[in-house]
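Understanding the architecture of this molecule
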Amino acid sequence: MLFAVVAAPVAIWCLVPSLRQPSFQGQTASWWFAKIASPTNPWPMQYIWLEPASASNSRARVFRHDFDAFHKMGPDAVPYLLTRLQDRRGDSSPSYQRFYARMPVWGRRYLPPPRDAEQVRRTGDLILKQLGPDAYPAVPELIGMLKKGDRREQHEAVNILKEIGLSASNALPALGGILRGNNPYLRVVAADAIRHINPSGTEEMLQVYREALRSKNKAVQMAATGSLWEATRQPELVIPALTRMLGDPVSGTFACTILKQCGPNASNAVPALLLQLAAPSLELRVAAAAALAYVDPHAETR
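These figures come from a predicted structure and were not determined experimentally. (Residues numbered from 1 in each chain as written. Predicted model: local features only at pLDDT ≥ 70, side-chain atom pairs only at ≥ 80, totals over all residues. Heavy atoms only, no water.)

1. Let's talk about the packing of helix H12 (residues 184-197) against helix H13 (residues 202-212)
Under the convention used in this document: Here an angle of 0 to 180 degrees is reported between the N-to-C directions of two axes, which are lines fitted to C-alpha atoms, with helices fitted over the stretch in contact. Where helices and strands are cited, they refer to DSSP runs of H or I of at least four residues and of E of at least two residues respectively, numbered from the N terminus. What sets the label is the angle itself: under 35 degrees gives roughly parallel, over 145 gives roughly antiparallel, 65 to 115 gives roughly perpendicular, and the rest give oblique. Should the near helix be turned anticlockwise from the far one by less than a right angle, the crossing is termed left-handed; should it be turned clockwise, right-handed. Whether two residues touch is decided by their heavy atoms; if any such pair falls within 4.5 Å, the residues are in contact.
Direction vectors running N to C along H12 and H13 enclose 160°, while the axes themselves pass 10 Å from each other. Considering their axes alone, H12 and H13 lie roughly antiparallel with respect to each other. In this structure, H12 crosses over H13, and the sense of that crossing is left-handed. Taken together, the residues of H13 that come into contact with H12 (itself represented by Arg-187, Val-188, Ala-191, Asp-192, Ile-194 and Arg-195) are Thr-202, Met-205, Val-208, Tyr-209, Glu-211 and Ala-212.

Set out below in structure tokens:
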């Protein structure tokens, strides 16, 4: 009888993979996730700290060290990460947040930090994308998100599948359904994913980008232009759209970034870039000057 009482939970633990967690350096995936998703690592900064330009930042180095634990655990960490991505519990109650904030540092060591639902979800999404091909065990769940999820869930699934790449071929039919949908932004990102999973289908996806360039939505225009440039590296296909974006603080800065990559081939955009040097937005002025340095370094002196 005693053996049965002890053996039953062990048997369940062995048969249900979702109850098991991989570990690295003696700590479980949930331990590493809690470090990465802590309030000291707000999700907007997580993306910045993974950029090469942040390599010398001390906080970024600590974050990268913790983040690397999931690279070491690899595919085994995917089931746990999916539970974080799909966790829909809300934030901790305001009363607990106030209580935790008033606790001395030594007391907080014995209490879980207040839960930030957005931070948890964004962190799970980021880690899965960064795992790239190692996130392949997530493909069946991601297909389900494409078919039954809301727009945000579909967007998350598409972007993770894009990073998984060739190993996500089973998701192509579901991605095709998104491609035939009526959301222009999701159509563009679905085309991106299809290109990465099936590179031989790139030519067909270019038409999706060209159609999206006619959208009045700036986010759709930027996504389509960036994808068209990434897929072709042909300046003549994107420079007209990029020139039209100049003048807007957000899309204009984005346009300057790609025009800079086009280099001298973007000479037709020089007059529009010169106008941005007097733009109200400091960020746009700086971006325009940086682009001109690559497109036509002597334009300002002529």
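2. A look at the pattern of salt bridges
Rules: Salt-bridge detection follows one rule: a side-chain nitrogen of Lys or Arg within 4 Å of a carboxyl oxygen of Asp or Glu.
Applying the stated criterion to the full structure yields 14 salt bridges. Arg-187 is paired through a salt bridge with Glu-211; the nearest N and O atoms lie 3.8 Å apart. A residue pair is termed long-range when its members are at least 10 positions apart, and Arg-187 in helix H12 and Glu-211 in helix H13 qualify at 24 residues. Bridged by salt links that share partners, the residues Glu-118, Arg-121, Arg-122, Arg-152 and Glu-156 form one connected network.

3. As for the nonpolar core
To be explicit about the condition: Working definition of a nonpolar core: buried Ala, Val, Leu, Ile, Met, Phe, Trp, Tyr and Cys residues. They are joined through side-chain atoms within 4.5 Å. Each residue is assigned to one of three classes by its accessible area relative to the maximum for its type, calculated with a 1.4 Å probe on protein chains only: buried under 20%, partly exposed between the two thresholds, exposed over 50%.
By size, the foremost hydrophobic cluster in this structure holds 86 residues, and its most contacted members are Phe-70, Leu-81, Leu-161, Leu-175 and Leu-273. Here the element with the most residues in this core is H12; it accounts for eight residues. If we skip the residues at most four places from it in the chain, Leu-175 touches Leu-146, Val-158, Leu-161, Ala-190, Ala-193, Ile-194 and Ile-197.

4. What about helix H14 (residues 218-232)?
Worth spelling out the cut-off: Take the number of residues in a helix, subtract one, and multiply by 1.5 Å to get its expected span. Residues adjacent in sequence count toward polar contacts only when both atoms are side-chain atoms; beyond that, a polar contact is any pair of N or O atoms within 3.5 Å, and within protein one must be able to donate a hydrogen and the other to accept it.
For H14, which comprises 15 residues, the first-to-last C-alpha distance of 21 Å matches the rise-based estimate of 21 Å (1.5 Å per residue) to within 8%. Those residues of H14 that fall on the buried side of the exposure criterion are Val-220, Gln-221, Met-222, Ala-223, Ala-224, Thr-225, Ser-227, Leu-228, Trp-229 and Thr-232. The elements touched by buried residues of H14 are H12, H13, helix H15 (235-245) and helix H16 (249-262). Measuring from the backbone nitrogen of Ala-219 back to the side-chain oxygen at the start of H14 gives 2.8 Å, which picks out Asn-217 as the cap. After H14 finishes, the residue Arg-233 shows a positive phi value of roughly 55°.

5. Here we look at unusual backbone geometry
Here the phi dihedral of Gln-25 falls at roughly 55°; this positive angle occurs in a residue that is not glycine. With respect to the helices, strands and loops of the structure, Gln-25 is situated in the loop between strand S1 (23-24) and strand S2 (27-28). With relative accessibility at 56%, the residue Gln-25 sits in the exposed group.

6. Concerning the environment of Met-45
Within the fold, Met-45 resides in helix H3 (residues 43-49). Residue classification places Met-45 among the partly exposed residues on the basis of a relative accessible area of 30%. As a C-alpha pair, Met-45 and Gln-97 span 52 residues in sequence and 22 Å in three-dimensional space.

7. A short note on the packing of aromatic side chains
Note the following rule: The aromatic pairing rule takes the rings of Phe, Tyr and Trp, using the six-membered ring of Trp, and pairs them if the centres are within 6.5 Å, calling planes under 30 degrees apart stacked, those over 60 edge-to-face and the rest tilted.
One pass over the structure, following the stated rule, counts six aromatic pairs. Aromatic pair Phe-33 and Tyr-80: ring centres 5.9 Å apart, planes at 80°, arrangement edge-to-face. Here the residue Phe-33 occupies a position in helix H2 (residues 29-36), and Tyr-80 occupies one in helix H5 (residues 78-85), the gap between them amounting to 47 residues. For the pair Phe-33 and Tyr-80, a shared accessibility class is recorded, and that class is buried. With 5.7 Å between their ring centres and 55° between their planes, Trp-49 and Phe-63 make a pair best called tilted. Residue Trp-49 is located in helix H3, and its partner Phe-63 is located in helix H4 (residues 58-73); the two are separated by 14 residues in the primary sequence.

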